[in-house]
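# Analysis of the macromolecular model
So you can see what is in the structure, the chains are spelled out below.
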Amino acid sequence: MKDNVGNLTIEHQEFRILFLSLNPNTLPMRTAKLLTLNILLLFSLLITAIVNPVPAYAQVVDKSDPSPLKFPTPKGIANQLFYLQRDPNTNTIICELNADKNGEVDRKEPILVYWIRYGDEGEKKDLSYIQKKFAYGIQAKEIGKDHYELRFVSHKKLPMYLLKSENDKKFHVYVTVNNKKIQLDRIFVRIEGGSFWLPNVKYVELKGINTENNAAVLERIKV
């Protein structure tokens, strides 16, 4: 018979045999004391595991092969939804909600995409025609009231969704990765060599909030 507590399994019969072996008539006193201390330590660890179990959503983050660059965090952008950074420089793509002063979203173009060129003193710059059509441009499709499907032109297999949160009544972008629905904050693309038309992408990281438990989350996609 076994009891399951989290990932721990207790075999009652093994503990029964172990306790019987502590009979002072069958063991030297010193050995009995050492075994008793070991049993107390084991039970202490067991109780700790029961009282403070590891959450089911605990995450082991793959931190291998990081970028050699130190990236800045964009600040002071009121309608920023998320941003994208990639090797080989710190220039950053900003994805901003395109809304008027009353908060009404432009239904034809709900999201604005542009550069903050940190390598050029933080200059704001529009995407070039080629960048917009083949790399960093975002296609948007209205699929409901205040609800849009978004896809990067360079990676249409991963849909993102722009919609208003029921919690804070603000627009956010959501994406589902590894069975987690994430309120997106940052995308990072690890590039090592290649060219503009055919970059050697090692992985893509998506950082944000897990909507199931409001915990910070970082997920990788191997490309």
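This is a predicted model, so every value here is computed, not measured.

Moving on: the overall build of the protein chain. Each helix and strand counted, the protein chain has three helices and 13 strands in total. By the burial criterion, 33% of the 223 residues in the protein chain qualify as buried. In the protein chain, once contacts between residues fewer than 6 apart in sequence are set aside, the share between residues at least 24 apart is 35%. Accessible surface, the protein chain: about 15100 Å² in total, of which carbon and sulfur atoms supply 54%.

The biggest cluster of nonpolar side chains holds 33 residues, and the ones touching the most others in it are Phe82 and Ile187. Every element with two or more residues in this core is listed here: strand 3 (80-86), strand 4 (89-97), strand 5 (111-117), strand 8 (147-152), strand 9 (155-164), strand 10 (171-177), strand 11 (180-194) and strand 12 (199-210). Here this core gets five residues from one element, more than from any other, and that element is strand 11. Those residues in contact with Ile187 that sit more than four places away from it in its chain are Phe82, Tyr83, Leu84, Gln85, Phe152, Val204, Glu205 and Leu206. Judged by nonpolar contacts, the second largest core, of five residues, contains Tyr83, Ile94, Tyr114 and Ile116.

Tracing the backbone shows Lys70 in the loop between helix 2 (29-51) and strand 3. The class for Lys70 is exposed, based on a relative accessible area of 79%. In the structure, Lys70 is positioned 20 residues away from Thr90 in sequence and 7.6 Å away in space, judged by C-alpha atoms.

A few words now on the confidence of the model for the protein chain. Model confidence for the protein chain is summarised by a mean pLDDT of 80, while 73% of its residues fall at 70 or above. Residue range residues 31-59 is modelled with pLDDT below 50. Its contacts to residues more than four positions away, or to other chains, number 20 contacts.

Bringing a negative patch on the surface into the picture now. Residues Asp100, Glu104, Asp106 and Glu109 make up a contiguous surface patch of negative charge. Secondary-structure assignment places Asp106 in the loop between strand 4 and strand 5.

Here we come to the pairing of strand 4. Most of strand 4 is tucked away: eight of the nine residues are buried. Pairing analysis gives five bridges linking strand 3 to strand 4, with the strands arranged antiparallel. Within strand 4, the position partnered with Arg86 by the bridge is Asn89. From the end of strand 3 to the start of strand 4, which pair antiparallel, there are two residues. Pairing of strand 4 with strand 5 involves six bridges; the strand directions are antiparallel. Within the sheet, the bridge partner assigned to Ile93 lies in strand 5 and is Trp115.

A few words now on the pattern of salt bridges. Pairing between side chains becomes possible if they bear opposite charge and their charged atoms approach one another. Inspection of the entire model under this criterion finds ten salt bridges. Among the salt bridges present, the one from Glu192 reaches Arg190, with a minimum N-O distance of 3.6 Å. Exposure remark for Glu192: the relative accessible area of 40% places this residue in the partly exposed category. On the basis of relative accessible area, Arg190 is assigned to the buried category, the value being 6%. Through salt bridges with shared partners, a single ionic network connects Asp65, Asp87, Arg190, Glu192 and Lys202.

Moving on, we come to the packing of aromatic side chains. Across all of its chains, the model carries six aromatic pairs by this definition. Its guanidinium or amino end placed over the ring of Tyr114, Lys124 lies 4.3 Å from that ring's centre, counting from NZ or CZ. For Lys181, the ring lying beneath its charged end belongs to Tyr174, and the centroid distance is 5.0 Å.

About the criteria used
Residues numbered from 1 in each chain as written. Predicted model: local features only at pLDDT ≥ 70, side-chain atom pairs only at ≥ 80, totals over all residues. Heavy atoms only, no water. Helix = DSSP H or I, 4+ residues; strand = E, 2+ residues; numbered from the N terminus. Buried < 20%, exposed > 50% of the residue type's maximum accessible area, 1.4 Å probe, protein only. Contact = heavy atoms within 4.5 Å. Areas by Shrake-Rupley, 256 points an atom, 1.4 Å probe, with all protein chains shown as cover. Core = buried A, V, L, I, M, F, W, Y, C linked by side-chain atoms within 4.5 Å. pLDDT = per-residue confidence, 0-100. Patch = residues over 30% accessible without salt bridge, like charges linked within 9 Å, V, L, I, M, F, W, Y side chains within 5 Å. Salt bridge = Lys/Arg side-chain N within 4 Å of Asp/Glu carboxyl O. Lys, Arg positive; Asp, Glu negative; His and termini not counted. Charge placed at Lys NZ, Arg CZ, Asp CG, Glu CD. Pairing = 2+ DSSP bridges. Phe/Tyr/Trp six-rings, centres within 6.5 Å; stacked < 30°, edge-to-face > 60°. Lys NZ or Arg CZ within 6 Å of the ring centre and 35° of its normal.

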